[in-house]
Amino acid sequence: MSDDQRTGKRLVLLGIGHTNALLLRRWVTDPIPDVELTCLSDHRFGTYSGMLPAVLSGQVRESAMQLDVAALCRAAGAQLIVDRVAGLDRQTRRLTFEHRASLAFDALVIGIGSTTNAPKNNAMVVGVKPMQSFLTRLSDAVVQSISHRVDRPIRVAVVGGGVASIELAFCLPPFLKSCGVERHAIKIVCGGEIGSGVGPSLRRRIQRQLKRNRIAWVQGVVAHVTTQSLRLEDGSEHDADIVIWATGAFAPPLLSRLGLPADERGFIATDEMLRTTSGEPIFAVGDAGSCVSDPHPKAGVYAVRQAPVLSSNVSRFFAGRPLKSFRAQRSFLKLINTGDGKAMGEWKGFSFQGRWVLALKHWIDKRFMDQFRITD
């Protein structure tokens, strides 16, 4: 049956980020009657960002952070289309693609996450996103650096001063060693204060741990990346063989091609029901959306918490019922893997550290991923 001959309603999930993945998982046991589900993705598997540091440090296997989108779609009876979306025809409610015919929908959920502003076409720069290919690209960059280095340590610069960047820096040494690097020097380059987004107590713990791990940090904005260094806006230069770009969230280019209302950063502007402010049956969740009346930082915890409201609102839309509002929590548990068998964390301004914190983090991450393991 062609797309134009379909008789039922269609829900389309564009991107399989945390929120859409949870909706897809729910569909396995609780689908919406008389609605077919179609999932669009650039990749056949998703990646849970929360487990990336543990994979880097060799604490868990790479497969532990991978979500098998194809298997999940089969279990849910959903169609999976692996292709790049080119645009959106809002009048006819159709998505266009780079390599296939357009696709009509009755409701659309956009959950493609965010990206970084990493410089393009520079072999020494490894952007954290897309995360599905990050480890491969990082490994290639390390191997290339080894082949070109003289008898000195491999110099790695991590650009970005948030929790995610710091956690990557902590967990890099075991990965570098697995690639054959015995000597290394790691430096964090951050535009603002190191540990932005955390309280003073956790920030002090972070700084002490960085010193113990001999990880330097410098405050400044990167102006230019050369073949062997970073030049900051203040004119200073910092040697680097590899640059890991892990800055804050930036809007993916696709969002600007959809023609939907956006905030000043380019993310889709939504109301409290996670729906585009234009009022169309188009939802934007996770990093891809920004609620204009209740803005909050881009963080995976919000994407996870949005899932029950999204599932309810999609069902309510097809049933012709009023939608529910999502209220973002003002504080949440922060946990940072320090790569040494321990972790540190913060809850409502209180900080803590130890092996038990890493055990807690592993337990939370594993419990999250276990719900996506489909058994026959």
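For clarity, every value in this text was computed on a predicted model and none was experimentally measured.

Student: Would you take a moment to explain the overall build of the protein for this structure?
Tutor: When its secondary structure is counted, the protein shows nine helices and 23 strands. Taking 376 residues into account, the globule formula puts the C-alpha radius of gyration at 21 Å, and the protein, at 21 Å, falls close to it. Across the 376 residues in the protein, those meeting the buried criterion constitute 50%. Sequence-distant contacts in the protein: of pairs separated by 6 or more residues, those separated by 24 or more amount to 64%. Accessible surface, the protein as shown: approximately 17600 Å² in total, 50% of it carbon and sulfur. Taken as two groups, the 48 positive and 34 negative side-chain charges of the protein have centres that lie 6 Å from each other.

Student: Hey, could you run me through the packing of aromatic side chains in this one?
Tutor: Centre distance and the angle of the planes are the two values used to describe a pair of aromatic rings. Applying the stated criterion across every chain, the model contains five aromatic pairs. Put simply, the rings of Tyr-48, Phe-368 and Phe-372 pair up and form one aromatic cluster. In this structure, Lys-298 packs its charged tip against the face of Phe-267, placed 4.1 Å from the ring centre. Over the aromatic face of Phe-332 sits the side chain of Lys-334, whose NZ or CZ is 4.7 Å from the ring centroid.

Student: How should the sheet that holds strand β1 (residues 9-14) be read in this particular structure?
Tutor: Strand pairing in a sheet relies on backbone hydrogen bonds. The paired strands run either parallel or antiparallel. Strand order in the open sheet formed by five strands is β5-β2-β1-β9-β19, and the pairing between neighbours is parallel. Each edge of the sheet is formed by a strand with only one pairing partner; in this case those strands are β5 (79-82) and β19 (282-284). The average angle at which neighbouring strand axes cross in this sheet is 15°, direction not considered.

Student: What is the right way to look at the environment of Trp-245 in this model?
Tutor: By the secondary structure assignment, Trp-245 is in strand β17 (residues 242-245). Reaching out from Trp-245, the side chain makes a polar contact with the side chain of Thr-247 at a distance of 3.4 Å.

Student: Please clarify how the pattern of salt bridges should be interpreted in this entry.
Tutor: One side chain can pair with another of opposite charge once the charged atoms of both are near each other. Applying the stated criterion across every chain, the model contains 15 salt bridges. Two residues, Arg-155 and Asp-239, come together in a salt bridge whose shortest N-O distance is 3.4 Å. Here the residue Arg-155 occupies a position in strand β11 (residues 154-159), and Asp-239 occupies one in strand β16 (residues 237-239), the gap between them amounting to 84 residues. Arg-155 is the salt-bridge partner of Asp-241, the closest N and O atoms lying 3.0 Å from each other. Remark: Arg-155 occurs in strand β11 and Asp-241 occurs in the loop between β16 and β17; sequence separation between them is 86 residues. Note on accessibility: Asp-241 and Arg-155 belong to one class, buried.

Student: Just checking my understanding: could you explain the pairing of β17 for this structure?
Tutor: On a regular strand, one side chain projects to one face of the sheet and the next to the other, so that they alternate. Alternating residues of β17 divide into Ile-242 and Ile-244 and Val-243 and Trp-245, and every residue in both groups is buried. Pairing analysis gives three bridges linking strand β10 (residues 125-127) to β17, with the strands arranged parallel. What sits directly across from Val-126, in β17, is Ile-244. Sheet analysis places β11 next to β17, joined by four bridges and oriented parallel. Residue pairing across strands places Ala-157 opposite Val-243, the latter belonging to β17.

Student: Explain a positive patch on the surface to me, please; I cannot follow it from the model alone.
Tutor: Residues Arg-204, Arg-208, Arg-212, Lys-342 and Arg-355 make up a contiguous surface patch of positive charge. Within the secondary structure, Arg-208 sits in helix α6 (residues 200-212).

Student: Quick question: what am I supposed to make of the nonpolar core here?
Tutor: If you look at soluble globular proteins, the nonpolar side chains tend to sit buried side by side. Residues Leu-11, Leu-24, Leu-138, Ile-242 and Ile-244 are the most contacted members of the largest nonpolar core, which totals 76 residues. In terms of residue count, the dominant contributor to this core is helix α5 (residues 163-178) (eight residues). Every residue in contact with Ile-242, bar those within four places of it in the chain, is listed here: Met-124, Val-126, Leu-138, Ala-141, Val-142, Ser-145, Ile-154, Arg-155, Val-156 and Ala-157. Ranked by size, the runner-up nonpolar core spans 22 residues in total, among them Leu-88, Phe-97, Phe-105 and Ile-268.

Student: How do you make sense of the sheet that holds strand β23 (residues 350-354) when you look at a structure like this?
Tutor: One open sheet holds the three strands; their spatial order is β21-β22-β23, and the pairing between them is antiparallel. On the outer flanks of this sheet lie β21 (334-337) and β23, each paired with one strand and no other. Each neighbouring strand pair of the sheet contributes to a mean axis angle of 15°, computed without reference to strand direction. With five bridges connecting them, strand β22 (residues 343-347) and β23 associate as antiparallel partners. Paired with Trp-347 across the strands is Phe-350, a residue of β23. In the packing of α6 onto the sheet, the strands contacted are β21, β22 and β23, and the crossing angle to β23 comes to about 30°.

Student: I tried to follow the packing of helix α4 (residues 134-148) against α5 on my own but got confused; where do I start?
Tutor: Between two packed helices, both the angle of their axes relative to each other and the distance between the axes serve to describe the pair. Interaxial distance between α4 and α5 falls to 11 Å at its minimum, and their mutual angle equals 60°. Of the two possible hands of crossing, α4 and α5 adopt the one that is right-handed. Along the contact surface, α4 presents Leu-135, Leu-138, Ser-139 and Val-142, while α5 presents Leu-172, Phe-175 and Leu-176. Considering only residue class, the contact of α4 with α5 consists of six nonpolar, one polar and no charged.

Reading the values: rules and limits
- Residues numbered from 1 in each chain as written.
- Predicted model: local features only at pLDDT ≥ 70, side-chain atom pairs only at ≥ 80, totals over all residues.
- Heavy atoms only, no water.
- Helix = DSSP H or I, 4+ residues; strand = E, 2+ residues; numbered from the N terminus.
- Rg over C-alpha atoms; globule rule 2.2 N^0.38 Å.
- Buried < 20%, exposed > 50% of the residue type's maximum accessible area, 1.4 Å probe, protein only.
- Contact = heavy atoms within 4.5 Å.
- Areas by Shrake-Rupley, 256 points an atom, 1.4 Å probe, with all protein chains shown as cover.
- Lys, Arg positive; Asp, Glu negative; His and termini not counted.
- Charge placed at Lys NZ, Arg CZ, Asp CG, Glu CD.
- Phe/Tyr/Trp six-rings, centres within 6.5 Å; stacked < 30°, edge-to-face > 60°.
- Lys NZ or Arg CZ within 6 Å of the ring centre and 35° of its normal.
- Pairing = 2+ DSSP bridges.
- Axes fitted to C-alpha atoms, helices over the stretch in contact; angles between N-to-C directions.
- Polar contact = N/O pair within 3.5 Å; in protein donor to acceptor, adjacent residues only side chain to side chain.
- Salt bridge = Lys/Arg side-chain N within 4 Å of Asp/Glu carboxyl O.
- Patch = residues over 30% accessible without salt bridge, like charges linked within 9 Å, V, L, I, M, F, W, Y side chains within 5 Å.
- Core = buried A, V, L, I, M, F, W, Y, C linked by side-chain atoms within 4.5 Å.
- Left-handed = near helix turned anticlockwise from the far one by under 90°.
- Nonpolar A, V, L, I, M, F, W, Y, C, P; charged D, E, K, R; others polar.

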